[in-house]
Every structure is written in structure tokens, then in C-alpha cells.
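This is what each chain is made of:
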Amino acid sequence: MIRLILVAVFLIIYFVISLPIQLAELIIEKFNMDLRNRSSLAIVNFGLKCIWFLSGVKPEVRGHENIPDDRAVLFVGNHTSYYDIIITYPLMKGPTGYMAKKEMKRYPCLSWWMYFVNCIFLDRKDPRQGLKSVLGAAEMIERGISVFLFPEGTRSKDGKLKDFKEGGFKIATKAKCPVIPVGIQGTADIFENHLPFIRPSKVIVTFGEPIDTEHMDRAQAKLLPETVKERVKILSNQ
């Protein structure tokens, strides 16, 4: 319970202190969007690493060299915990926006930081808005900002990999960018498996080899969700 209290108190202090910083970020983006991206990334990563420390978690990272240094990609991972984002975001090599459900906009301070780090809010009930989000994500990759997708659509309660929704993979085929499969192990053991306690857990994040989409034909593109799912399944040790 002590770790939960520490994390909760830290978040309250962090969000209160960050209010004037968010105002400054709004001003900065009017003149230099790249500076805003870099400064917001540094501030958010600092907060997330503090949560790592308070939660007693130090992830083991494998295959980090598979992330390209010179171009944006689509990351695709399994999803079992809120900690999936907390753990993986500081591991990104450059600006990366996560696909998030529209309901996250209900939380002002959190959703503002999500905006500053290029997260995309997806309306899962509106196909037209969903397509618009996918096209926006593809354009973002073309501008050099990577995107992280959890194609199961929601967290898996039993830890088993669920079916991948196909729509998000249009981001990669539209942007013709590499897809990096990501396997995440152990995050549900930090919090979800013993609510409301936060406990240290061995967490392993494995980045797989890039899957090229630039030269895919239509048939290969259609098989992409299943291809990536099999890679993620292996990387997450399922």
C-alpha cells in the first residue's frame, strides 16, 4: 500500500507543478514545434521514470537496437496493464505518440500531457473518426514521429493475447513505414494482478526485428495483422 500512496502523491504533485509548464509548452509550440516535442518528451519521461522508481520496477530491455535511429516506425505491442505505457514510453528513441481511447480526454492534466507528446485519441465507436485518426497517425509518421499501437483494443484481463484489430495496421501501409513488434511481460504483476497494491515485478520488454511494409503487395498487407500478432506472441513468451 505504501508504494501506491507514494505514486499517488507523486502524481498529484507532478500534475500541480506541471500546470504552468503546460502553459509554457503551449507558447513554445507556436514558435518551435520541434522544441516543444523534445521538451515535453523529456518532462514526461522524467515523470514516468520516477514512477518506475517508486514502484520498484527496473525493466529488462531486449532488442533495443532493432529500433531505427533515422526514421519513424509503427510499434505494435500486447496490452495487459496501465504500466505497459509507463514502462515502454521512456524506452522510445524519439518522439512517439500512443494511440489512446477517446475517454482519456476526461482527465485534463493527463490528457494535456498526452497531447504534448503527440498521442492520438481514438473514437472506437465511430468508424469515420477512427479512419480519420488512422490517417492522422500515418501523416505523423511521415513527419518523423513514431506511433505505438495496442491492436487488441483494450487490456487483456487474463494475460492472453487477444485478436488484433486490423484498422490500425493501415497506419503502416499508408505511411510505408517499418513495423516493430513489441513483447511486454510482467507489467500486470505490478498492479492489476493484486489491486490495489503496487509491487515490484520482473518486467521484460522485447523489441523485435522491423517488418518492412514499403514493398508489400496487397496480399501481404492483408496478412500483416496476423504476421505481427505471431511475432508479438513469441516476443511476449505466450
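The structure this text deals with has already been given above.
Residues numbered from 1 in each chain as written. Predicted model: local features only at pLDDT ≥ 70, side-chain atom pairs only at ≥ 80, totals over all residues. Heavy atoms only, no water.

Help me understand the pattern of salt bridges in this model?
Inspection of every chain in the model, using the stated rule, returns six salt bridges. Across the pair E192 and R155 runs a salt bridge, and its minimum N-O distance is 3.8 Å. Separated by 37 residues along the polypeptide, E192 in the loop between β6 (179-185) and β7 (204-207) and R155 in the loop between β5 (146-149) and α6 (170-175) bring together distant segments of the chain. Residue classification places R155 among the buried residues on the basis of a relative accessible area of 17%. (Salt bridge = Lys/Arg side-chain N within 4 Å of Asp/Glu carboxyl O. Helix = DSSP H or I, 4+ residues; strand = E, 2+ residues; numbered from the N terminus. Buried < 20%, exposed > 50% of the residue type's maximum accessible area, 1.4 Å probe, protein only.)

Would you mind going over the packing of aromatic side chains with me for this structure?
Think of a pair of aromatic rings as described by two things: how far the centres are apart, and how the planes are tilted against each other in angle. Using the criterion set out here, one finds eleven aromatic pairs in the structure. Here Y115 and F116 contribute two aromatic rings whose centre-to-centre distance is 5.4 Å and whose plane-to-plane angle is 55°, an arrangement assigned as tilted. Judged by its relative accessible area of 40%, Y115 falls in the partly exposed class. The exposure class assigned to F116 is buried, which follows from its relative accessible area of 2%. Following the ring pairs from residue to residue traces out a cluster consisting of F75, Y89, Y98, F148, F150 and F207. Across the ring face of Y115, the terminal group of R36 is positioned such that the distance to the ring centre comes to 5.4 Å. (Phe/Tyr/Trp six-rings, centres within 6.5 Å; stacked < 30°, edge-to-face > 60°. Lys NZ or Arg CZ within 6 Å of the ring centre and 35° of its normal.)

Just to check I follow, could you spell out the pairing of β7 for this structure?
As a general feature of sheets, a regular strand has side chains that alternate between the two faces. Both faces of β7 are covered, namely the face carrying I204 and T206 and the face carrying V205 and F207. Relative to β7, strand β1 (residues 60-62) is paired through three bridges, and the arrangement is parallel. In the strand pairing of β7, E60 is matched with I204. (Pairing = 2+ DSSP bridges.)

When you look at the side chain of Q22 in this model, what are you seeing that I'm missing?
Counting through the fold element by element, Q22 comes out in helix α1 (residues 2-31). With a relative accessible area of 3%, Q22 lands in the buried category. Ignoring any residue separated from it by four or fewer positions in sequence, one finds Q22 in contact with C109, W112, W113 and F116. (Contact = heavy atoms within 4.5 Å.)

Please explain unusual backbone geometry as it appears in this structure.
Excluding glycine, most residues fall at negative phi; most peptide bonds, likewise, are trans. For the peptide bond that leads from L195 to P196, omega is 0°, which places it in the cis range. Mapped onto the secondary structure, P196 falls in the loop between β6 and β7. With phi around 55°, K176 is a residue other than glycine that occupies positive phi space. Relative to the assigned elements, K176 resides in the loop between α6 and β6. The phi angle at N237 is positive, at roughly 60°, despite the residue not being glycine. In this structure N237 comes out as exposed when scored by relative accessible area, which is 61%.

Scope: geometric values only; no functional claims are made or implied.
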